[in-house]
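# Remarks on the overall topology
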Amino acid sequence: GEQVEQRPPHLSVREGDSAFITCTYTDPNSYYFFWYKQEPGASLQLLMKVFSSTEINEGQGFTVLLNKKDKRLSLNLTAAHPGDSAAYFCAVSGETQVVGQLTFGSGTRLQVYA
Amino acid sequence: GPKVLQIPSHQIIDMGQMVTLNCDPVSNHLYFYWYKQILGQQMEFLVNFYNGKVMEKSKLFKDQFSVERPDGSYFTLKIQPTALEDSAVYFCASSFQLVIGAEQFFGPGTRLTVL
C-alpha cells in the first residue's frame, strides 16, 4: 500500500526565514494531496488541498510544490513567524486506497523563534 | 469553520477495561472516520462509517474495536477489552462526501493511555 515519508521530524527556524518540509510517497496512482497544520491541543486544520495536475500552489504565506515524477510533495513557509509554530502533516489519497482513507506522513514539528 | 469535537481529551485506564471515545462530527456530514496515532508515528486509518454501518476498516481495527452512532448522537469508538498497545491518540474526522479527495474535518484527538 501507499507509504508516505515526511522530513524533517523537527525544524527550528528564525522569524523571517523559510521553513521547508517534504513528503515522498510511493503510489503513482495518488492524486490528491493535503497539508494540515495542528497547533498544540487543537484540531488538524487544512492548509491546502492539491490535485495532481497542479505543480505549484500558492497559499497565504506558503507555497506547495508537487513533483509527480519524483513523487514528492513540499510545503515552503516563506518568511515564517511565531504563529506558524505547529505540527504539519502531509496526507495522500488515491485510487489504490480505501475511498476516503488518507495516508499521512509522520509530521514535522516546526518552531519559529524571534 | 466547521468543528469536530472529541470527548474526553485524555483518558487513562487499566488494561482490560472498556473505553468509549466520543466524537461530535460536523452537523451536516454523513461520513465518519477514526484514525490512530502512536506517539512519534504516522496517523493511521482505522475505519470509516456511513448510514449506521462500517464501510471499510484497516487491519488495525481489531475485533476488540467497535463503532456506532446511535440516533445521530456521538460517533463512538469502543475498545473492549483494552490492551497496552492501544495507547495512542485517536482522531475522529467527518466529511460530507465519500470520494477520493473529499476534505475531512478532524477533531483535536483523544489521548488514550492504557496502564
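Rules used throughout
Residues numbered from 1 in each chain as written. Chains lettered and ligands numbered in written order. Predicted model: local features only at pLDDT ≥ 70, side-chain atom pairs only at ≥ 80, totals over all residues. Heavy atoms only, no water. Contact = heavy atoms within 4.5 Å. Buried area = accessible area lost by both parts, 1.4 Å probe. Salt bridge = Lys/Arg side-chain N within 4 Å of Asp/Glu carboxyl O. Polar contact = N/O pair within 3.5 Å; in protein donor to acceptor, adjacent residues only side chain to side chain. Helix = DSSP H or I, 4+ residues; strand = E, 2+ residues; numbered from the N terminus. Nonpolar A, V, L, I, M, F, W, Y, C, P; charged D, E, K, R; others polar. Pairing = 2+ DSSP bridges. Axes fitted to C-alpha atoms, helices over the stretch in contact; angles between N-to-C directions.

With that settled, consider the interface of chain B and chain A. Residue-level contacts link 22 residues of chain B with 25 residues of chain A. Here chain B meets chain A over a buried area of about 1800 Å², counting both sides, of which 60% is carbon and sulfur. Our count for the contact surface shared by chain B and chain A stands at zero salt bridges. Across the chain B-chain A interface, the total number found is five residue pairs in polar contact (both at pLDDT 80 or more). Those elements giving two or more residues to the side of chain B that touches chain A turn out to be strand 4 (31-37) and strand 5 (43-50) of chain B. Considering only residue class, the side of chain B that touches chain A consists of twelve nonpolar, eight polar and two charged.

Residues and elements named next belong to chain A. The strand order across the open sheet formed by five strands is 1-3-8-7-6, and the pairing between neighbours is antiparallel. Every other strand in the sheet has two partners, leaving strand 1 (4-7) and strand 6 (56-58) as the edge strands with one partner each. If you compare each strand with its neighbour and ignore which way they point, the axes differ by 15° on average. In this sheet, strand 3 (residues 19-25) lies alongside strand 1 in antiparallel orientation, the contact comprising four bridges. Along strand 3, the bridge assignment pairs Gln-6 with Cys-23.

Turning next to the pattern of salt bridges. In total, this model carries five salt bridges over all chains according to the counting rule given. Across the pair Asp-70 of chain A and Lys-69 of chain A runs a salt bridge whose closest N-O atoms are separated by 3.7 Å. Put simply, Asp-86 of chain B and Lys-62 of chain B hold a salt bridge, and the shortest N to O gap is 2.9 Å. Taken as a pair, Asp-86 of chain B in the loop between strand 8 (75-79) and strand 9 (88-95) and Lys-62 of chain B in the loop between strand 6 (53-57) and strand 7 (65-68) lie far apart in primary sequence, 24 residues in all. The network of salt bridges with common partners includes Lys-69, Asp-70 and Arg-72 of chain A.

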